[in-house]
Amino acid sequence: MKKILLLATVLLLSFTLNAQDFSKYLGKVSGTPFIVISKADFQLTLVGADGQAIKQYGCAVARNLGPKEKRGDHKTPEGTFKINELLNSKSIPHDFHDGKGPIIGAYGPWFLRLDVPGFRDIGIHGTHLPESIGSRATEGCIRLRNEDILDLKSRIKLGTEVIILPEGVSAL
């Protein structure tokens, strides 16, 4: 049943997001693992070559609804992207502009950078705020618990496709 729902979601995406041929996605389902992120459900799912869910992780997404349009809009992009960099982020600071200053380790142990056109710093990463998982808390990235980003990073590679579903589309 999950495989059918996933295929239906991928079919919907092929028409609504990229207007690309469904066979492009079908090939991925049957041949290459990929990631599906449901902003509506706060879930990141790693999908295997057979189209079956390998692992699901809770996540946090951007504070604001809708697709990313401009820098600083606090929205998570929607569409299909590839992971183009695996960055060790343990010592990278980030200033959330909340009066606390730069926080080292804000991205957790790994930052998996996505190739989002027009935006260099959108990715999937860990967190120093695990209590934020399952909520709208980010500036645009997808945030996982640190143990989950470690697990996910061990299962993916550069070039892994990432499908971020629109707000109204649930993967469950």
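These numbers come from a predicted model, not from an experiment.

(A) Examining the side chain of His94 more closely. Among the structural elements, His94 can be located in strand 6 (residues 93-95). Given the relative accessible area of 16%, His94 is considered buried. With residues up to four places along the chain from it excluded, the contact list for His94 reads Gly101, Pro102, Ile103, Ala106, Tyr107 and Glu139.

(B) Here's a closer look at the environment of Val47. With respect to the element layout, Val47 can be found in strand 2 (residues 43-47). Expressed as a C-alpha distance, the spacing of Val47 and Thr32, which sit 15 residues apart in the sequence, is 8.6 Å.

(C) Region of interest: helix 3 (residues 146-155). When helix 3 is considered as a whole, its buried residues turn out to be Asp148, Ile149, Asp151 and Leu152. Along the axis of helix 3, the buried positions cluster into a sector of 160 degrees, meaning they face one direction only. Exposed and oriented more than 90 degrees from the buried face of helix 3 are Glu147 and Ser154. Against the buried residues of helix 3 lie strand 1 (34-38), strand 2, strand 3 (53-58), strand 8 (110-114) and strand 9 (123-125).

(D) Up close: the sheet that holds strand 11 (residues 142-143). Judged by pairing direction, the sheet is mixed, and its eight strands sit side by side in the order 3-2-1-12-5-8-9-11 without closing on themselves. Of all strands in the sheet, those bounded by a partner on one side alone are strand 3 and strand 11. Where strand 1 lies against strand 12 (residues 161-165), five bridges are found, and the strand directions are parallel. Residue pairing for strand 12: Phe34 is matched across the bridge by Glu161. Sheet strands in contact with helix 3 are strand 1, strand 2, strand 3, strand 5 (79-88), strand 8 and strand 9, and its direction is about 150 degrees off that of strand 3.

(E) The arrangement of the side chain of Glu167 in detail. In this structure, Glu167 sits in the segment after strand 12. Within the structure, Glu167 has its side chain in polar contact with the backbone nitrogen of Gly66 (distance 3.2 Å).

(F) Structural context of the pattern of salt bridges. Overall, the coordinates contain 10 salt bridges when judged by the stated rule. Here Lys39 ties to Glu78 by a salt bridge, and the two come within 2.9 Å at their closest N and O atoms. Separated by 39 residues along the polypeptide, Lys39 in the loop between strand 1 and strand 2 and Glu78 in the loop between strand 4 (61-62) and strand 5 bring together distant segments of the chain. The partner of Asp121 in a salt bridge is Arg113, with the nearest N and O atoms 2.9 Å apart. Residue class for Asp121 comes out partly exposed when judged on its relative accessible area of 44%. We classify Arg113 as buried; its relative accessible area is 8%. Several salt bridges converge on common partners, so that one network encompasses Lys39, Glu78, Arg136 and Glu167.

(G) Structural detail: the packing of aromatic side chains. One pass over the structure, following the stated rule, counts one aromatic pair. Ring centres 5.3 Å apart and planes at 85 degrees place the aromatic pair Tyr107 and Phe111 in the edge-to-face group. Pair check on accessibility: Tyr107 and Phe111 agree, each one buried.

Thresholds applied
Residues numbered from 1 in each chain as written. Predicted model: local features only at pLDDT ≥ 70, side-chain atom pairs only at ≥ 80, totals over all residues. Heavy atoms only, no water. Helix = DSSP H or I, 4+ residues; strand = E, 2+ residues; numbered from the N terminus. Buried < 20%, exposed > 50% of the residue type's maximum accessible area, 1.4 Å probe, protein only. Contact = heavy atoms within 4.5 Å. Arc of directions from axis to C-beta. Pairing = 2+ DSSP bridges. Axes fitted to C-alpha atoms, helices over the stretch in contact; angles between N-to-C directions. Polar contact = N/O pair within 3.5 Å; in protein donor to acceptor, adjacent residues only side chain to side chain. Salt bridge = Lys/Arg side-chain N within 4 Å of Asp/Glu carboxyl O. Phe/Tyr/Trp six-rings, centres within 6.5 Å; stacked < 30°, edge-to-face > 60°.

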